[in-house]
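# Coordinate inspection notes
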Amino acid sequence: MTESPMRNAATLILLRQTGGERQVLLGRRAAGHRFMPHLLVFPGGAVDGEDFTAPIAAPLRPEVSARLQRGGDAALATALGHAAARELLEETGLSLGTPPRLDLLDYLCRAETPPDMPIRFNARFFIADAAHVTGTLTDSREMEDLSWHDLEAVWPDTLSIPTRAALELLKDWLDSKPPG
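Residues numbered from 1 in each chain as written. Predicted model: local features only at pLDDT ≥ 70, side-chain atom pairs only at ≥ 80, totals over all residues. Heavy atoms only, no water.

On to the overall build of the chain, then. The helix and strand tally for the chain stands at 3 helices and 9 strands. Relative to the 2.2 N^0.38 estimate, which gives 16 Å for 180 residues, the radius of gyration of the chain is 16 Å and therefore close to what a compact globule would have. For the C-alpha atoms alone, the extent of the chain along its principal axes is close to 50 × 35 × 30 Å. Within the chain, counting contacts between residues at least 6 apart in sequence, those at least 24 apart form 71% of the total. (Helix = DSSP H or I, 4+ residues; strand = E, 2+ residues; numbered from the N terminus. Rg over C-alpha atoms; globule rule 2.2 N^0.38 Å. Contact = heavy atoms within 4.5 Å.)

Glancing now at helix α2 (residues 74–92). The end-to-end C-alpha separation of α2 is 27 Å, in line with the 27 Å expected for 19 residues at 1.5 Å each. Counted residue by residue, α2 has 14 buried out of 19 residues, so it is predominantly covered. Between the side-chain oxygen at the start of α2 and the backbone nitrogen of A75 there is a gap of 3.2 Å, and the oxygen is on D73. G93 occupies a position one or two residues after α2 and carries a positive phi of about 85°. (Expected span 1.5 Å × (residues − 1). Buried < 20%, exposed > 50% of the residue type's maximum accessible area, 1.4 Å probe, protein only. Polar contact = N/O pair within 3.5 Å; in protein donor to acceptor, adjacent residues only side chain to side chain.)

Attention now goes to the environment of E63. By the secondary structure assignment, E63 is in helix α1 (residues 62–68). When the C-alpha atoms of E63 and Y107 are compared, they prove to be 9.2 Å apart, with 44 residues separating the residues in sequence. A distance of 2.9 Å separates the side chain of E63 from the side chain of R61, its partner in a polar contact.

With that settled, the discussion passes to the packing of aromatic side chains. According to the stated counting rule, one finds 2 aromatic pairs in the structure shown. Judged by centre distance (6.4 Å) and plane angle (85°), the rings of F42 and F125 are edge-to-face. With F42 in the loop between β3 (40–41) and β4 (44–46) and F125 in strand β7 (residues 120–129), this pair connects stretches of sequence that are 83 residues apart. Residue F42 is classed as buried on the basis of its relative accessible area of 3%. (Phe/Tyr/Trp six-rings, centres within 6.5 Å; stacked < 30°, edge-to-face > 60°.)

The subject of this paragraph is helix α3 (residues 161–176). Helix length check: α3 (16 residues) gives 23 Å between terminal C-alpha atoms against 22 Å at 1.5 Å per residue, within 8%. Residues T163, A166, L167, L170, K171, W173 and L174 constitute the buried set of α3. For α3, the angular spread of the buried residues around the axis is 165°, confining them to a single face. In α3, the exposed residues that point more than 90 degrees away from the buried face are I161, D172, D175 and S176. In the core, the buried residues of α3 are packed alongside β1 (6–18), β2 (21–29), β3, β6 (106–112) and β7. (Arc of directions from axis to C-beta.)

Relative to the elements of secondary structure, R101 occurs in the loop between β5 (94–95) and β6. Classification of R101 by relative accessible area gives partly exposed; the value is 36%. For the pair R101 and H132, spaced 31 residues apart in sequence, the C-alpha separation works out to 9.5 Å. Contacts of R101, omitting those with residues within four sequence positions, involve A57, A58 and L96. Among the polar contacts made by the side chain of R101, one reaches the side chain of D103 at a distance of 2.8 Å.

Both trends apply: most residues other than glycine have a negative phi, and most peptide bonds are in trans. Of the consecutive residues T98 and P99, the connecting peptide bond is found in the cis state with omega at -5°. Assignment of secondary structure puts P99 in the loop between β5 and β6. Look at D145: it is not a glycine, yet its phi comes out positive at around 55°. Within the secondary structure, D145 is located in strand β9 (residues 143–150).

Below, the structure is given as structure tokens:
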């Protein structure tokens, strides 16, 4: 069996603090979607050619860019950041600015779709503080039932495997950050 080609992709974990709760934004992939329909995921999608040349208000922070460049290059790192911001806007109505401020992004991890899958992505998971976004949360043709979920919740079976893994890494990442 021939492996399907992998496309670069970016996912954005939008995080907010409400009282003592840490929450993340999740939405259900639309039923007509070819990749992971009906599953709860973070906003995200494939890098487009325009992501390499689109204007940005501020570049990725140097440490974030350096981590993304392992196995890649500076242009791809920036395109991944732009794709995360673009997908957030397209799928949720929320914005990191026009043009987007990539300096608001942190990098968490990456996940590759297994070789036996017909659609494959090399996805990078970014984190942004919801305090920095503008806009009105709105379902789209790609994402439905957008809502905030408690990070400490018991996760439903409809959560995708990469999303579940990223949530566990996110908890560790947040717990390891110095306060303040």
